[in-house]
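Analysis of the macromolecular model
One letter stands for each residue in the lines below.
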Amino acid sequence: SKMSRIVLDEKRYVSVSELVALLGLTLENEFPLVSFQGELFEVTRAASGHLYFSIKDENSQIRAVMWKGPAAALNFKPEPGTSVLCQGRPNIYHKTGQLQIMVHSMTTAGAGELQKKFLQLKARLEKEGLFAAERKRSLPFLPQAIGVVTSGTGAVIHDIMVRLQSRMPCLKVYLEDVRVQGQGAAQEIARGIQRLSESGEVEVIIVARGGGSLEDLWAFNEEIVVRAIFASRVPVISGVGHEVDVTLADFVADVRAPTPT
């Protein structure tokens, strides 16, 4: 190419700035997109919102940067030791001449298999009619009592209680304190929904937790939880994760609230 001829021309000595620019352009033209995986370390989030980090395997490492837009859209907290899948383009930083990857997409390494499992289960349950719009129930206008299935020690129950006390201070709230993540969480959530549903004490149930990665929210994609929501005798609100987070609990619930509040 013309650029490589300039760099290899023995009769012409380019400046360092020109050399770095030429090498950077050549690299970007040759590799417009790279997909790779590795382990995060040296993770820094700047005040600007940009994310600076390194990714390594057993033998090598490379620097990377993610601008604040895509960094803010990540559905997991990038921490050292996390295995990730990345897509981006190579770049040479002009000031230092250092090779780096401009990452525009990053997920945890386990997310690919979980996403596949999510789509398979969604298709099967959708075919059974669990997500049908015509079976959705409207919420009671002024319920006397509600049930909440979430962690009793998390920020979510605090947010819910603050809002309820300001808007409906006389409302009775029955809490099913459950684990919302990890081994056994799905079983606890499903039992909590079932107990509240069969108690006859509540008119609506809120199933809630804060945001997180696909792995963090996985309990709310488990079939046992989806079927417990479907079988509930009273309407169910899904308040799982933030607006960008989607779980199967959202599809089967009568109403979805993008945030627990």
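Above this text sits the structure in question.
A brief report on the enclosed structure follows. (Residues numbered from 1 in each chain as written. Predicted model: local features only at pLDDT ≥ 70, side-chain atom pairs only at ≥ 80, totals over all residues. Heavy atoms only, no water.)

Digging into helix H6 (residues 185-199)
Taking 1.5 Å per residue as the helical rise, H6 with its 15 residues ought to reach 21 Å, and the 21 Å between its terminal C-alpha atoms agrees with that figure. The set of residues buried in H6 consists of Ala185, Ala186, Glu188, Ile189, Ala190, Gly192, Ile193, Leu196 and Ser197. If you follow the buried residues of H6, they end up packed against strand E6 (145-150), strand E7 (172-177), strand E8 (204-209) and helix H7 (223-231). Just beyond H6, the residue with positive phi is Gly200, at close to 75 degrees. (Helix = DSSP H or I, 4+ residues; strand = E, 2+ residues; numbered from the N terminus. Expected span 1.5 Å × (residues − 1). Buried < 20%, exposed > 50% of the residue type's maximum accessible area, 1.4 Å probe, protein only. Contact = heavy atoms within 4.5 Å.)

Observations concerning the side chain of Arg135
Assignment of secondary structure puts Arg135 in the loop between helix H4 (111-128) and E6. One buried charge, Arg135, has no salt-bridge partner; the nearest side chain with opposite charge is Asp254, at 4.3 Å. Within polar-contact distance, the side chain of Arg135 engages the backbone oxygen of Val252 at 3.1 Å. Each residue touching Arg135, except ones within four places of it in the same chain, is listed here: Gly129, Leu130, Phe230, Val252 and Asp254. (Lys, Arg positive; Asp, Glu negative; His and termini not counted. Salt bridge = Lys/Arg side-chain N within 4 Å of Asp/Glu carboxyl O. Polar contact = N/O pair within 3.5 Å; in protein donor to acceptor, adjacent residues only side chain to side chain.)

Some details on the packing of aromatic side chains
Taken as a whole and judged by the stated rule, the model has 1 aromatic pair. Both rings, one in Phe131 and one in Phe251, keep their centres 5.6 Å apart while their planes meet at 35 degrees; by these two values the pair is tilted. Here the residue Phe131 occupies a position in the loop between H4 and E6, and Phe251 occupies one in helix H8 (residues 248-252), the gap between them amounting to 120 residues. Since its relative accessible area comes to 10%, Phe131 is described here as buried. For Phe251, a relative accessible area of 29% puts it in the partly exposed group. The ring centre of Phe41 lies 5.1 Å from the NZ or CZ of Lys56, which sits over that ring. Lying across the ring of Phe251, Lys122 places its NZ or CZ 4.9 Å from the centre. (Phe/Tyr/Trp six-rings, centres within 6.5 Å; stacked < 30°, edge-to-face > 60°. Lys NZ or Arg CZ within 6 Å of the ring centre and 35° of its normal.)

Side note on the packing of H6 against H7
It is the contact of H6 with H7, at a shortest axis distance of 8 Å, that shows an interaxial angle of 10 degrees. By the criterion of interaxial angle, the relationship of H6 to H7 is roughly parallel. Between H6 and H7, the residues in contact are Ala186, Gln187, Ile189, Ala190, Ile193 and Ser197 and Ile224, Val225, Ala228, Ile229 and Ala231, respectively. Each residue belonging to the contact of H6 with H7 can be placed in one class, and the counts come to 9 nonpolar, 2 polar and no charged. (Axes fitted to C-alpha atoms, helices over the stretch in contact; angles between N-to-C directions. Parallel < 35°, antiparallel > 145°, perpendicular 65-115°, else oblique. Nonpolar A, V, L, I, M, F, W, Y, C, P; charged D, E, K, R; others polar.)

Some details on the pairing of strand E9 (residues 236-240)
Across the 5 residues of E9, 5 count as buried, placing the element largely inside the fold. Side-chain alternation along E9 places Val236, Ser238 and Val240 on one buried face and Ile237 and Gly239 on a second face that is also buried. In this fold, E8 hands off to H7, which returns the chain to E9; that crossover is right-handed. In the sheet, E9 pairs with strand E10 (residues 255-256) via 2 bridges, with the strands oriented parallel. Within the sheet, the bridge partner assigned to Ile237 lies in E10 and is Val255. (Right-handed = clockwise from strand over helix to strand, strands pointing away. Pairing = 2+ DSSP bridges.)

A word on the pattern of salt bridges
As enumerated under the stated definition, the model contains 11 salt bridges in all. A salt bridge links Arg124 to Glu223; the shortest N-O distance between them is 2.8 Å. Taken together, the residues span a long stretch of sequence, with Arg124 in helix H4 and Glu223 in helix H7 at a distance of 99 residues. When the shortest N-O distance is used, the salt bridge between Arg227 and Glu128 registers 2.9 Å. Pair noted here: Arg227 is in helix H7 and Glu128 is in helix H4, with a separation of 99 residues, a long-range link. Judged by relative accessible area, Arg227 falls into the partly exposed class, the value being 31%.

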